[in-house]
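Structural overview
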Amino acid sequence: MTKAVQFDSYGGIDVLEVRDVPRPVPGSGEVLVEVRAAGINISEAAIRTGAVRDMFPATFPSGQGSDLAGVVVEIGSGVTAFAVGDEVIGFSMRRSSHAEYVTVPVTQLTAKPSKVSWDVAGSLFVAGATAYGAVRAVRLVPGETVAIAGAAGGVGSIAVQLARHAGATVLGIAGPSNDAWLAGHGTVPVNHGDDLPARLRAATQSGHVEAFLDFFGGGYVAIAVEDLGIPPDRVDTIADFDAAKRFGVQTAGGADAATAAVVAELADLVARDELEVPIAGVFALDDVRDAYRELELRHTRGKLVLRP
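Residues numbered from 1 in each chain as written. Predicted model: local features only at pLDDT ≥ 70, side-chain atom pairs only at ≥ 80, totals over all residues. Heavy atoms only, no water.

A word on the overall build of the chain
What counts, and what does not: The way it works is that DSSP assigns letters per residue, a run of H or I at least four long becomes a helix, a run of E at least two long becomes a strand, and they are numbered from the N terminus. Radius of gyration here is computed from C-alpha atoms only, and the compact-globule reference equals 2.2 Å multiplied by the residue count raised to the power 0.38. Per-residue accessibility, obtained with a 1.4 Å probe over protein chains only, is compared with the maximum for each type, and a residue is labelled buried under 20%, exposed over 50%, and partly exposed between these values. Whether two residues touch is decided by their heavy atoms; if any such pair falls within 4.5 Å, the residues are in contact. Computed by Shrake-Rupley with a 1.4 Å probe, the accessible areas treat only the displayed protein chains as cover when residues are assessed. Within this scheme the basic residues Lys and Arg register as positive and the acidic residues Asp and Glu register as negative, but His and the chain ends are omitted. Charge positions come from single atoms, namely NZ of Lys, CZ of Arg, CG of Asp or CD of Glu.
Regarding its fold elements, the chain presents 10 helices and 14 strands. For 308 residues, the compact-globule estimate of 2.2 N^0.38 gives 19 Å, and the C-alpha radius of gyration of the chain, at 19 Å, lies within 12% of that figure. Across its three principal axes, the chain shows a C-alpha extent of roughly 60 × 40 × 30 Å. Within the chain, the proportion of its 308 residues that are buried is 55%. Expressed as a percentage of contacts within the chain between residues at least 6 apart in sequence, the contacts between residues at least 24 apart total 67%. Accessible area for the chain stands at about 12800 Å²; split by element, carbon and sulfur atoms hold 51% of it. In the chain, which carries 25 positive and 37 negative side-chain charges, the distance between the mean positions of the two groups comes to 1 Å.

Spelled out as structure tokens, the structure:
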């Protein structure tokens, strides 16, 4: 037997349980990974509460988790890309990575560079792919200015760096406690609060903001379109789907970049010290409720990680 996080009904943190389950067996084209680290994400909390059940329904008992990094301990038939003992980064599309062991199709794995820590590797996929997909969607070109709401969160902290790699000037909307981190990563900090549109314009040389990424929700799409006059096709939100329908903006995110090739590209940037993935905290698998309690306060800078 081995341990895995499961829940039997929609609800709060208290529905999460760490249970003894049979050790998974890899099928054809799969490997069994002993998980060393697995990131947690606000989208998983939304699935657990039932807030997004129309788009992402749960089947009970439900497992949890997409992010993973670990060591291959068993291979299924037909597998030649990996061998027992290989260190890998990847993702599960079965909501099953918050566990000691997980079976994963080889198409959802890539080799872990030795310079990438377990904690970073295990929390790279969801936030990294979401940031990658969103930044790509607004088609930044060198010299443009993009504003990013939720700029210090798990997704935003990666997106600000990818936007800088694209040659854009980045305005990072976050609380004042994040000013130094954002400035240290080439981003102009702009604190959320009153008169935000005017302060965003004042933070640019031209007075114009060409694109907007919303990783927080709560009215930022309206600010982008109505107050800043940004065309809807240059605005992307992963947090406010009602506003996306109202204003016709994009909703590109992780699903648009959910490939092992994107994970490999992000891991390579980390290994070359061109991308930092901040780790806000590390929790044992048995403390999964505490991890989500902290995550759902929405004040962490970077990623929270489970270590089975």
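After that view of the structure, there is still more to cover.
Points about the pairing of strand 14 (residues 303-307)
Note the threshold: We treat two strands as partners when DSSP finds at least two bridges between them. When the strands point away from the viewer, a crossover counts as right-handed if the route from the first strand across the helix to the second turns clockwise.
For strand 14, the buried fraction is high: four of the five residues fall into the buried class. As paired elements, strand 3 (residues 30-40) and strand 14 share three bridges and run antiparallel to each other. The residue bridging I40 from the neighbouring strand is L304, located in strand 14. As defined by bridge partners, strand 13 (residues 279-284) adjoins strand 14 across five bridges and the pair is classed as parallel. Bridge pairing in strand 14 places V282 opposite V305. Regarding the hand of the β-α-β motif, the stretch spanning strand 13, helix 10 (residues 288-295) and strand 14 is right-handed.

So, the sheet that holds strand 11 (residues 211-214)
Rule in force here: Lines fitted to C-alpha atoms define the axes here, with helix axes fitted over just the stretch in contact, and angles between the N-to-C directions of these axes take values from 0 to 180 degrees.
Strand order in the open sheet formed by five strands is 10-9-8-11-12, with parallel pairing between adjacent strands. The open sheet terminates on both sides in strands that have one partner only, identified here as strand 10 (187-191) and strand 12 (235-237). Mean inter-strand twist for the sheet, computed between neighbouring axes without regard to direction, equals 15°. Packing of helix 4 (residues 156-165) onto the sheet brings it into contact with strand 8 (145-149), strand 9 (169-174) and strand 10, and relative to strand 8 it is tilted by some 175°. Here helix 7 (residues 220-227) sits on the sheet in contact with strand 8, strand 9, strand 11 and strand 12, set at roughly 170° to strand 11.

Quick look at unusual backbone geometry
Cis geometry marks the peptide bond from F60 to P61, where omega comes out at -5°. Within the secondary structure layout, P61 lies in the loop between helix 1 (42-49) and strand 4 (67-75). We note that R95 has phi near 55°; this positive angle belongs to a residue other than glycine. Residue position: R95 is located in the loop between strand 5 (87-91) and strand 6 (101-105). Within the chain, R139 stands out as a residue other than glycine whose phi angle is a positive 55°. Checked against the element boundaries, R139 lands in the loop between helix 3 (125-137) and strand 8.

Points about the packing of aromatic side chains
Stated precisely, the cut-off is as follows: When the centres of two rings from Phe, Tyr and Trp lie within 6.5 Å, Trp using its six-membered ring, the rings pair. Their planes under 30 degrees apart give stacked, over 60 give edge-to-face, and anything left gives tilted. For a ring to carry a charge above it, either NZ of a lysine or CZ of an arginine must fall within 6 Å of the ring centroid while also lying within 35 degrees of the normal to the ring plane.
Applying the stated criterion across every chain, the model contains four aromatic pairs. Aromatic rings pair up to connect F7, Y10 and F60 into one cluster. Over the ring of Y101 we find R23; its NZ or CZ atom is 4.7 Å from the centre of that ring. When the ring centre of W118 is taken as reference, the NZ or CZ atom of K112 above it lies at 4.7 Å.

Re the pairing of strand 9
Within strand 9, five of the six residues are buried, which leaves it mostly tucked inside the rest of the structure. The pairing of strand 8 with strand 9 spans five bridges and is classified as parallel. Following the sheet pairing, T145 is matched in strand 9 by T169. As a crossover connection, the stretch from strand 8 through helix 4 into strand 9 is right-handed. In this structure, strand 9 lies alongside strand 10, joined through five bridges in parallel fashion. Note on strand 10: the bridge partner recorded for L171 is V188. After leaving strand 9, the chain enters helix 5 (residues 179-184) and then returns to the sheet as strand 10, a path that is right-handed.

Note that every value here comes from positions in space, so none of it alone points to a role or purpose.
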